[in-house]
Amino acid sequence: MSSRDKQNDTGIVRPPGNPKFWAADRVKRYDYCQSLISEQKEEMTRNIIRVVRYLCRIRSLSNPKVLDVGCGPGTPGTAAWQLLESIPNSRVFGVDSSHEMVDAANAALSAAYPGRFFGCVGDFNGSEFWAESIDLTYDFIVSSVALQYLGDERRRPFLTELYEHLTNGGAFVSSIAVSSAVPEVAEMTDHFAAEFLHQQLERERGPQDFEEVRKRRAEQNAKAGVNRLTSGEYIESLHAAGFQKADVVWHLWIKSIFVALK
Ligand SMILES: C[S@@+](CC[C@H](N)C(=O)[O-])C[C@H]1O[C@@H](n2cnc3c(N)ncnc32)[C@H](O)[C@@H]1O
(Lines give C-alpha, C1' and ligand atoms only; values in the text may rest on other atoms or scores of the structure.)
Protein backbone atom coordinates (compact mmCIF):
# COMPACT_ATOMS: atom_id res chain seq x y z
CA MET A 1 0.00 0.00 0.00
CA SER A 2 1.43 3.43 -0.89
CA SER A 3 2.09 5.85 1.96
CA ARG A 4 -0.40 8.27 0.38
CA ASP A 5 -3.15 5.70 0.72
CA LYS A 6 -2.19 5.35 4.35
CA GLN A 7 -2.12 9.15 4.76
CA ASN A 8 -5.59 9.45 3.29
CA ASP A 9 -6.68 6.65 5.56
CA THR A 10 -8.72 5.11 2.76
CA GLY A 11 -7.35 1.62 3.34
CA ILE A 12 -7.59 1.17 -0.44
CA VAL A 13 -4.96 -0.75 -2.35
CA ARG A 14 -5.17 0.71 -5.83
CA PRO A 15 -6.26 -1.80 -8.46
CA PRO A 16 -4.25 -2.46 -11.59
CA GLY A 17 -4.82 -0.09 -14.53
CA ASN A 18 -7.48 -0.85 -17.05
CA PRO A 19 -5.85 -2.47 -20.08
CA LYS A 20 -8.95 -1.85 -22.21
CA PHE A 21 -8.57 1.92 -21.92
CA TRP A 22 -6.91 2.29 -25.32
CA ALA A 23 -9.70 1.32 -27.68
CA ALA A 24 -9.10 1.26 -31.43
CA ASP A 25 -10.38 4.80 -32.11
CA ARG A 26 -7.98 6.23 -29.50
CA VAL A 27 -5.03 4.35 -31.01
CA LYS A 28 -5.62 6.01 -34.38
CA ARG A 29 -5.60 9.43 -32.73
CA TYR A 30 -2.81 8.59 -30.28
CA ASP A 31 -0.33 11.39 -31.02
CA TYR A 32 -3.13 13.93 -31.13
CA CYS A 33 -4.54 12.74 -27.76
CA GLN A 34 -1.09 12.84 -26.19
CA SER A 35 -0.50 16.37 -27.45
CA LEU A 36 -3.64 17.44 -25.59
CA ILE A 37 -2.99 15.77 -22.28
CA SER A 38 0.75 15.67 -21.78
CA GLU A 39 2.84 18.83 -21.53
CA GLN A 40 6.28 18.44 -23.14
CA LYS A 41 5.60 14.78 -23.98
CA GLU A 42 8.04 14.86 -26.91
CA GLU A 43 10.77 16.47 -24.85
CA MET A 44 10.26 13.92 -22.09
CA THR A 45 10.53 11.00 -24.54
CA ARG A 46 13.62 12.55 -26.14
CA ASN A 47 15.19 12.72 -22.68
CA ILE A 48 14.58 9.01 -22.05
CA ILE A 49 16.45 8.32 -25.29
CA ARG A 50 19.15 10.80 -24.32
CA VAL A 51 19.81 8.82 -21.12
CA VAL A 52 19.94 5.53 -23.07
CA ARG A 53 22.33 7.03 -25.62
CA TYR A 54 24.55 8.43 -22.88
CA LEU A 55 24.76 5.05 -21.15
CA CYS A 56 25.43 3.31 -24.49
CA ARG A 57 28.28 5.72 -25.12
CA ILE A 58 29.96 5.28 -21.74
CA ARG A 59 29.53 1.51 -21.99
CA SER A 60 30.70 1.41 -25.64
CA LEU A 61 27.50 -0.39 -26.55
CA SER A 62 26.41 0.06 -30.16
CA ASN A 63 23.69 -2.61 -30.48
CA PRO A 64 21.59 -2.49 -27.31
CA LYS A 65 18.74 -4.90 -26.73
CA VAL A 66 15.86 -2.96 -25.20
CA LEU A 67 12.54 -3.90 -23.65
CA ASP A 68 9.89 -1.16 -23.91
CA VAL A 69 7.14 -1.68 -21.32
CA GLY A 70 3.77 -0.21 -22.37
CA CYS A 71 5.22 0.59 -25.80
CA GLY A 72 2.13 2.18 -27.35
CA PRO A 73 1.42 2.36 -31.11
CA GLY A 74 4.92 2.96 -32.54
CA THR A 75 4.23 6.51 -33.68
CA PRO A 76 7.08 9.07 -33.88
CA GLY A 77 6.23 10.37 -30.40
CA THR A 78 6.85 7.02 -28.73
CA ALA A 79 10.04 5.80 -27.08
CA ALA A 80 10.15 2.67 -29.30
CA TRP A 81 10.15 4.72 -32.51
CA GLN A 82 12.74 7.17 -31.18
CA LEU A 83 15.05 4.38 -29.99
CA LEU A 84 14.96 2.62 -33.34
CA GLU A 85 15.44 5.89 -35.17
CA SER A 86 18.31 7.24 -33.11
CA ILE A 87 20.28 4.07 -32.25
CA PRO A 88 20.78 2.34 -35.63
CA ASN A 89 21.71 -1.14 -34.38
CA SER A 90 19.28 -1.31 -31.48
CA ARG A 91 16.62 -4.01 -31.19
CA VAL A 92 13.43 -3.20 -29.35
CA PHE A 93 10.99 -5.66 -27.79
CA GLY A 94 7.76 -3.78 -27.19
CA VAL A 95 5.05 -5.03 -24.84
CA ASP A 96 1.63 -3.52 -24.33
CA SER A 97 -1.59 -4.82 -22.82
CA SER A 98 -3.60 -3.37 -25.71
CA HIS A 99 -3.87 -5.55 -28.84
CA GLU A 100 -4.63 -2.43 -30.85
CA MET A 101 -1.42 -0.75 -29.67
CA VAL A 102 0.71 -3.81 -30.43
CA ASP A 103 -0.85 -4.31 -33.88
CA ALA A 104 -0.25 -0.65 -34.74
CA ALA A 105 3.36 -0.79 -33.43
CA ASN A 106 4.14 -4.00 -35.30
CA ALA A 107 2.70 -2.60 -38.53
CA ALA A 108 4.54 0.72 -38.28
CA LEU A 109 7.88 -0.35 -36.83
CA SER A 110 8.41 -3.72 -38.48
CA ALA A 111 7.99 -2.02 -41.85
CA ALA A 112 10.21 0.96 -41.06
CA TYR A 113 12.90 -1.01 -39.15
CA PRO A 114 12.91 -4.58 -40.50
CA GLY A 115 14.12 -7.21 -38.03
CA ARG A 116 14.57 -4.70 -35.23
CA PHE A 117 11.14 -4.44 -33.56
CA PHE A 118 9.19 -7.26 -31.96
CA GLY A 119 5.86 -6.34 -30.43
CA CYS A 120 3.79 -8.60 -28.22
CA VAL A 121 0.77 -8.35 -25.97
CA GLY A 122 1.43 -8.51 -22.23
CA ASP A 123 -0.09 -7.12 -19.06
CA PHE A 124 2.42 -6.01 -16.43
CA ASN A 125 -0.27 -6.27 -13.80
CA GLY A 126 -0.46 -10.02 -14.45
CA SER A 127 2.10 -12.61 -13.42
CA GLU A 128 2.09 -14.02 -17.00
CA PHE A 129 3.75 -10.86 -18.35
CA TRP A 130 6.98 -12.66 -19.28
CA ALA A 131 5.87 -14.59 -22.37
CA GLU A 132 8.59 -16.78 -23.87
CA SER A 133 9.34 -14.27 -26.65
CA ILE A 134 10.29 -11.54 -24.15
CA ASP A 135 11.71 -13.66 -21.31
CA LEU A 136 15.26 -12.51 -22.15
CA THR A 137 17.92 -10.29 -20.65
CA TYR A 138 18.17 -6.70 -21.82
CA ASP A 139 20.76 -3.93 -21.80
CA PHE A 140 17.96 -1.45 -21.12
CA ILE A 141 14.39 -1.63 -19.99
CA VAL A 142 12.55 1.58 -20.83
CA SER A 143 9.02 2.74 -20.30
CA SER A 144 7.37 5.98 -21.30
CA VAL A 145 4.37 7.12 -19.23
CA ALA A 146 2.95 3.62 -18.71
CA LEU A 147 3.91 2.53 -15.21
CA GLN A 148 1.37 4.80 -13.52
CA TYR A 149 -0.99 1.95 -14.49
CA LEU A 150 0.96 -0.51 -12.34
CA GLY A 151 -1.11 -1.61 -9.34
CA ASP A 152 0.27 -1.51 -5.80
CA GLU A 153 0.29 -5.29 -5.39
CA ARG A 154 2.40 -5.83 -8.52
CA ARG A 155 4.79 -2.91 -8.05
CA ARG A 156 7.57 -4.60 -6.07
CA PRO A 157 7.34 -8.00 -7.78
CA PHE A 158 7.33 -6.38 -11.22
CA LEU A 159 10.25 -4.04 -10.48
CA THR A 160 12.17 -7.05 -9.14
CA GLU A 161 11.39 -8.94 -12.37
CA LEU A 162 12.70 -5.96 -14.35
CA TYR A 163 15.90 -6.02 -12.29
CA GLU A 164 16.33 -9.72 -12.97
CA HIS A 165 15.81 -9.24 -16.72
CA LEU A 166 18.63 -6.69 -17.02
CA THR A 167 22.23 -7.57 -17.84
CA ASN A 168 24.82 -6.62 -15.22
CA GLY A 169 25.50 -2.95 -15.89
CA GLY A 170 22.06 -2.59 -17.50
CA ALA A 171 19.62 0.19 -16.71
CA PHE A 172 15.94 0.85 -16.25
CA VAL A 173 14.86 4.25 -17.63
CA SER A 174 11.26 5.29 -17.26
CA SER A 175 9.03 8.33 -17.27
CA ILE A 176 6.10 7.92 -14.89
CA ALA A 177 3.24 10.17 -13.82
CA VAL A 178 3.87 11.01 -10.18
CA SER A 179 2.42 13.11 -7.38
CA SER A 180 4.05 15.28 -4.72
CA ALA A 181 4.17 14.05 -1.12
CA VAL A 182 3.16 17.58 -0.09
CA PRO A 183 -0.63 17.82 -0.56
CA GLU A 184 -0.55 21.55 -1.46
CA VAL A 185 2.13 20.93 -4.10
CA ALA A 186 0.27 17.86 -5.40
CA GLU A 187 -2.84 20.01 -5.79
CA MET A 188 -0.87 22.76 -7.54
CA THR A 189 0.83 20.47 -10.06
CA ASP A 190 -2.43 18.65 -10.75
CA HIS A 191 -4.02 22.05 -11.37
CA PHE A 192 -1.26 22.86 -13.87
CA ALA A 193 -1.92 19.56 -15.70
CA ALA A 194 -5.63 20.39 -15.90
CA GLU A 195 -4.78 23.93 -17.04
CA PHE A 196 -2.63 22.53 -19.84
CA LEU A 197 -5.44 20.27 -21.05
CA HIS A 198 -7.93 23.14 -20.82
CA GLN A 199 -5.63 25.40 -22.85
CA GLN A 200 -5.14 22.73 -25.53
CA LEU A 201 -8.86 21.99 -25.76
CA GLU A 202 -9.69 25.70 -26.07
CA ARG A 203 -7.11 26.03 -28.83
CA GLU A 204 -8.63 23.07 -30.68
CA ARG A 205 -12.34 23.49 -29.98
CA GLY A 206 -12.99 27.03 -28.68
CA PRO A 207 -14.08 28.11 -25.18
CA GLN A 208 -14.33 25.36 -22.55
CA ASP A 209 -15.43 25.39 -18.92
CA PHE A 210 -12.29 24.82 -16.80
CA GLU A 211 -14.06 23.03 -13.94
CA GLU A 212 -15.78 20.70 -16.40
CA VAL A 213 -12.44 19.89 -18.10
CA ARG A 214 -10.82 19.25 -14.71
CA LYS A 215 -13.67 16.95 -13.65
CA ARG A 216 -13.59 14.97 -16.93
CA ARG A 217 -9.81 14.57 -16.66
CA ALA A 218 -10.09 13.22 -13.11
CA GLU A 219 -12.83 10.79 -14.22
CA GLN A 220 -10.76 9.55 -17.18
CA ASN A 221 -7.72 9.00 -14.93
CA ALA A 222 -9.80 7.07 -12.41
CA LYS A 223 -11.37 4.97 -15.19
CA ALA A 224 -7.92 4.14 -16.60
CA GLY A 225 -6.62 3.17 -13.12
CA VAL A 226 -3.93 5.84 -12.91
CA ASN A 227 -1.93 5.24 -9.72
CA ARG A 228 0.30 8.26 -9.04
CA LEU A 229 2.87 7.66 -6.31
CA THR A 230 5.53 10.05 -5.10
CA SER A 231 9.04 9.94 -6.57
CA GLY A 232 10.26 8.88 -3.12
CA GLU A 233 7.91 5.89 -3.14
CA TYR A 234 9.19 4.81 -6.55
CA ILE A 235 12.80 5.14 -5.49
CA GLU A 236 12.08 3.16 -2.33
CA SER A 237 10.42 0.43 -4.45
CA LEU A 238 13.37 0.42 -6.88
CA HIS A 239 15.81 -0.02 -3.98
CA ALA A 240 13.67 -2.85 -2.60
CA ALA A 241 13.71 -4.48 -6.05
CA GLY A 242 17.51 -4.58 -6.01
CA PHE A 243 18.44 -1.33 -7.77
CA GLN A 244 20.90 0.29 -5.37
CA LYS A 245 21.44 3.30 -7.63
CA ALA A 246 18.16 4.97 -8.54
CA ASP A 247 17.22 8.62 -8.94
CA VAL A 248 15.06 11.15 -10.77
CA VAL A 249 16.91 12.80 -13.66
CA TRP A 250 14.12 14.96 -15.10
CA HIS A 251 10.87 16.27 -13.71
CA LEU A 252 8.04 18.49 -14.90
CA TRP A 253 4.92 19.05 -12.76
CA ILE A 254 3.43 15.54 -12.59
CA LYS A 255 5.97 13.58 -14.64
CA SER A 256 9.39 12.25 -13.65
CA ILE A 257 12.05 10.29 -15.48
CA PHE A 258 13.68 7.69 -13.22
CA VAL A 259 17.02 6.02 -13.89
CA ALA A 260 17.94 2.85 -12.02
CA LEU A 261 21.30 1.16 -12.60
CA LYS A 262 22.01 -2.53 -12.06
C1 LIG B 1 0.34 6.89 -22.26
S2 LIG B 1 0.58 5.43 -23.18
C3 LIG B 1 2.34 5.50 -23.51
C4 LIG B 1 2.70 4.82 -24.80
C5 LIG B 1 4.15 4.95 -25.24
N6 LIG B 1 5.05 4.31 -24.30
C7 LIG B 1 4.60 6.35 -25.48
O8 LIG B 1 5.79 6.61 -25.33
O9 LIG B 1 3.81 7.20 -25.89
C10 LIG B 1 0.48 4.15 -21.96
C11 LIG B 1 0.59 2.76 -22.56
O12 LIG B 1 0.63 1.81 -21.50
C13 LIG B 1 -0.17 0.69 -21.88
N14 LIG B 1 -0.60 -0.03 -20.67
C15 LIG B 1 -1.53 0.37 -19.75
N16 LIG B 1 -1.69 -0.57 -18.82
C17 LIG B 1 -0.85 -1.59 -19.14
C18 LIG B 1 -0.56 -2.86 -18.56
N19 LIG B 1 -1.20 -3.23 -17.47
N20 LIG B 1 0.36 -3.66 -19.15
C21 LIG B 1 1.01 -3.26 -20.29
N22 LIG B 1 0.76 -2.07 -20.89
C23 LIG B 1 -0.14 -1.24 -20.32
C24 LIG B 1 -1.32 1.33 -22.65
O25 LIG B 1 -2.00 0.39 -23.46
C26 LIG B 1 -0.61 2.39 -23.43
O27 LIG B 1 -0.15 1.95 -24.67
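To be clear, the structure that these remarks concern was listed above.
What counts as what
- Residues numbered from 1 in each chain as written.
- Predicted model: local features only at pLDDT ≥ 70, side-chain atom pairs only at ≥ 80, totals over all residues.
- Helix = DSSP H or I, 4+ residues; strand = E, 2+ residues; numbered from the N terminus.
- Buried ≥ 20, exposed ≤ 12 C-beta atoms within 10 Å, placed from the backbone.
- Contact = placed C-beta atoms within 7 Å.
- Near = placed C-beta within 6 Å.
- Nonpolar A, V, L, I, M, F, W, Y, C, P; charged D, E, K, R; others polar.
- Expected span 1.5 Å × (residues − 1).
- Arc of directions from axis to C-beta.
- Pairing = 2+ DSSP bridges.

(A) Structural view of the overall build of the protein. The helix and strand inventory of the protein stands at 10 helices and seven strands. Buried residues in the protein amount to 37% of all 262 residues. Here the contacts in the protein between residues at least 6 apart in sequence split such that 77% fall between residues at least 24 apart.

(B) View of the site of the ligand. In the vicinity of the ligand lie 22 residues, with Gly70, Gly72, Ser97, Ser144 and Ala146 positioned nearest. A class-by-class count of the residues in the shell around the ligand yields 10 nonpolar, 10 polar and two charged.

(C) Structural context of helix H4 (residues 41–58). With 18 residues, H4 should cover 26 Å at 1.5 Å per step; its first-to-last C-alpha distance of 26 Å lies within 8% of that length. Along H4, the residues classified as buried are Met44, Thr45, Ile48 and Val52. In a view along the axis of H4, the buried residues occupy a sector of 105 degrees, so they form one face of it. The exposed residues of H4 that point more than 90 degrees off its buried face are Glu43, Arg57 and Ile58. Taken together, the buried residues of H4 touch helix H5 (79–86), strand S4 (138–144), strand S5 (166–177), strand S6 (245–252) and strand S7 (255–261). One or two residues past the end of H4 sits serine 60, with phi positive at roughly 50 degrees.

(D) View of helix H10 (residues 231–240). Along H10, the positions that sit buried rather than exposed are Tyr234, Ser237 and Leu238. End-on view of H10: buried residues confined to an arc of 100 degrees, all on one side of the axis. Of the residues trailing H10, glycine 242 is marked for its positive phi of about 120 degrees.

(E) Structural view of unusual backbone geometry. With phi around 55 degrees, glutamine 40 is a residue other than glycine that occupies positive phi space. At serine 60, a position not held by glycine, the phi torsion is positive, near 50 degrees. By the element assignment, serine 60 lies in the loop between H4 and strand S1 (65–69).

(F) Up close: the pairing of S6. Relative to S7, S6 runs antiparallel, the two sharing seven bridges. In the sheet register, valine 248 faces S7, and the bridge partner there is phenylalanine 258. Between the antiparallel neighbours S6 and S7 lie two residues, among them tryptophan 253 with a positive phi of about 50 degrees.

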